[in-house]
Protein chains: 2
Amino acid sequence: MTTRILGIDPGLATLGFGVIDTPAQEAESGVKVIDFGVISTPAKTPVGERLCTIYDDLHSLIDQFQPDQVVIEKFFFYRMGNTILVAQARGVVMLVLAQYQLPLTEFTPAQVKQALTGYGKADKAEVQQAVAHELNLDQIPRPDDAADALALALTAWFQR
Amino acid sequence: MTTRILGIDPGLATLGFGVIDTPAQEAESGVKVIDFGVISTPAKTPVGERLCTIYDDLHSLIDQFQPDQVVIEKFFFYRMGNTILVAQARGVVMLVLAQYQLPLTEFTPAQVKQALTGYGKADKAEVQQAVAHELNLDQIPRPDDAADALALALTAWFQR
């Protein structure tokens, strides 16, 4: 029996997501990528409308993929202006996950780097290459936020 | 024709609300308080569940009072730990208001103080007394977050 993990990299302008299926026994077969991408909202639209888009699209995403577990990035501080916008978007993400009563795991960026590369201060490119390698992808998943979301999902798998 | 204004003081532990009816012409009759209070969520409950409570209760509040206009406090920084929690709750508030397509106004605390007392650095007690006076209340509305929400609603009225 596989476990489906949804990784989410929260943001207001761009929310990355990545869906993977993980085998019950590591021996049996590898982890499989199901889908990845982003929910984008235009900068000039009022914040409330952008949060509605995230709310609706995230509902659709969960209805479509029916994940067993969700992983999001633990909050850390960006530049100040962004922090509030990201935190507001993150509030909507947390709301939707709670509406579905989905088990939620949070990892810091350092935990993700450590899990994927064995080194907590690895750079973005190293993490992305590890994501592509683990998922047998010919190319680095794009955009970056989708790759970050897949990295979060893989971290949950590695930690089991 | 009266305009019904809902004031909201966003927070995760306590969200204050206040509903007032304002006359079309200032001469005609005074402003009337309709209701005020708080939506509270317990600190030990997971954040997602608390955001669900805010989402559901705010929907009920808007369904019940059918405001024409909503006023919330413009975001400003609290202590850092709180900022993220308040911003996440504020994201859910902004979402719900957008779902109802309600006209939204934001004021800073200084704008509220200025409007109610004529002095942008007035203290809490002065603002609360102005709220009680304007609304012909015998007592200061409690708790504080409800009084703050009424002050926000009154500020919108004064600025018209």
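Rules used in this analysis
- Residues numbered from 1 in each chain as written.
- Chains lettered and ligands numbered in written order.
- Predicted model: local features only at pLDDT ≥ 70, side-chain atom pairs only at ≥ 80, totals over all residues.
- Heavy atoms only, no water.
- Contact = heavy atoms within 4.5 Å.
- Buried area = accessible area lost by both parts, 1.4 Å probe.
- Salt bridge = Lys/Arg side-chain N within 4 Å of Asp/Glu carboxyl O.
- Pairing = 2+ DSSP bridges.
- Helix = DSSP H or I, 4+ residues; strand = E, 2+ residues; numbered from the N terminus.
- Axes fitted to C-alpha atoms, helices over the stretch in contact; angles between N-to-C directions.
- Parallel < 35°, antiparallel > 145°, perpendicular 65-115°, else oblique.
- Left-handed = near helix turned anticlockwise from the far one by under 90°.
- Nonpolar A, V, L, I, M, F, W, Y, C, P; charged D, E, K, R; others polar.
- pLDDT = per-residue confidence, 0-100.
- Least-squares fit on C-alpha atoms with pLDDT ≥ 70 in both.
- Polar contact = N/O pair within 3.5 Å; in protein donor to acceptor, adjacent residues only side chain to side chain.

**Describing the interface of chain A and chain B**
- The interface of chain A with chain B comprises 20 residues on the first partner and 20 residues on the second.
- Summing both partners gives a buried area of about 1600 Å² for chain A against chain B, and 82% of it is carried by carbon and sulfur.
- Looking only at chain A, the three residues that lose the most surface to chain B are I84, Q88 and L95 of chain A, adding up to 29% of its buried area.
- Here chain A and chain B share zero salt bridges between them.

**What to know about the sheet that holds strand β4 (residues 69-73) of chain B**
All names here are of chain B.
- Taken in spatial order, the five strands line up as β3-β2-β1-β4-β5 in an open sheet, and their pairing is mixed. The strands lining the two open edges of the sheet, one partner per strand, are β3 (32-40) and β5 (104-107). Sheet twist, expressed as the mean angle between neighbouring strand axes with direction ignored, is 20°.
- Running at roughly 165° to β3, helix α1 (residues 47-65) makes contact with β1 (3-9), β2 (14-22) and β3 of the sheet.

**Things to note about the packing of helix α3 (residues 109-117) of chain A against helix α5 (residues 144-158) of chain A**
All names here are of chain A.
- One way to put it is that α3 packs onto α5 with a least axis distance of 9 Å and a crossing angle of 65°. Classified by the angle their axes make, α3 and α5 are roughly perpendicular. Crossing hand, α3 versus α5: left-handed. Where α3 abuts α5, its residues Q111, V112, A115 and L116 lie against A151, L152, L154, T155 and F158.
- A breakdown of the residues in the contact of α3 with α5 according to their chemical character gives seven nonpolar, two polar and no charged.

**As for the confidence of the model for chain A**
- Here chain A shows a mean pLDDT of 92. Residues at 70 or above account for 94%.
- ipTM for the predicted complex: 0.89, alongside a pTM of 0.91.

**Side note on the relation of the copies chain A and chain B**
- For the pair chain A and chain B, the best superposition has an RMSD of 0.0 Å and corresponds to a rotation of 180° with a translation of 0.0 Å parallel to the axis. Such a turn and shift between the copies fits a two-fold axis. Rotation axis and chain A: the residue whose C-alpha lies nearest the axis is Q88 of chain A, separated from it by 2.2 Å.
- Take the interface residues of chain A: 100% of them recur as interface residues in chain B, which is what a same-surface contact looks like.

**Focus on the environment of K124 of chain A**
Residues and elements named next belong to chain A.
- For K124, the location among the structural elements is in helix α4 (residues 124-134).
- Each C-alpha atom, one on K124 and one on A149, is 13 Å from the other, the two residues being 25 residues apart in sequence.
- When sequence neighbours within four positions are dropped, the list of residues in contact with K124 reads D144 and D148.
- Within the local environment of K124, its side chain forms a polar contact with the side chain of D148, the two groups lying 3.3 Å apart.

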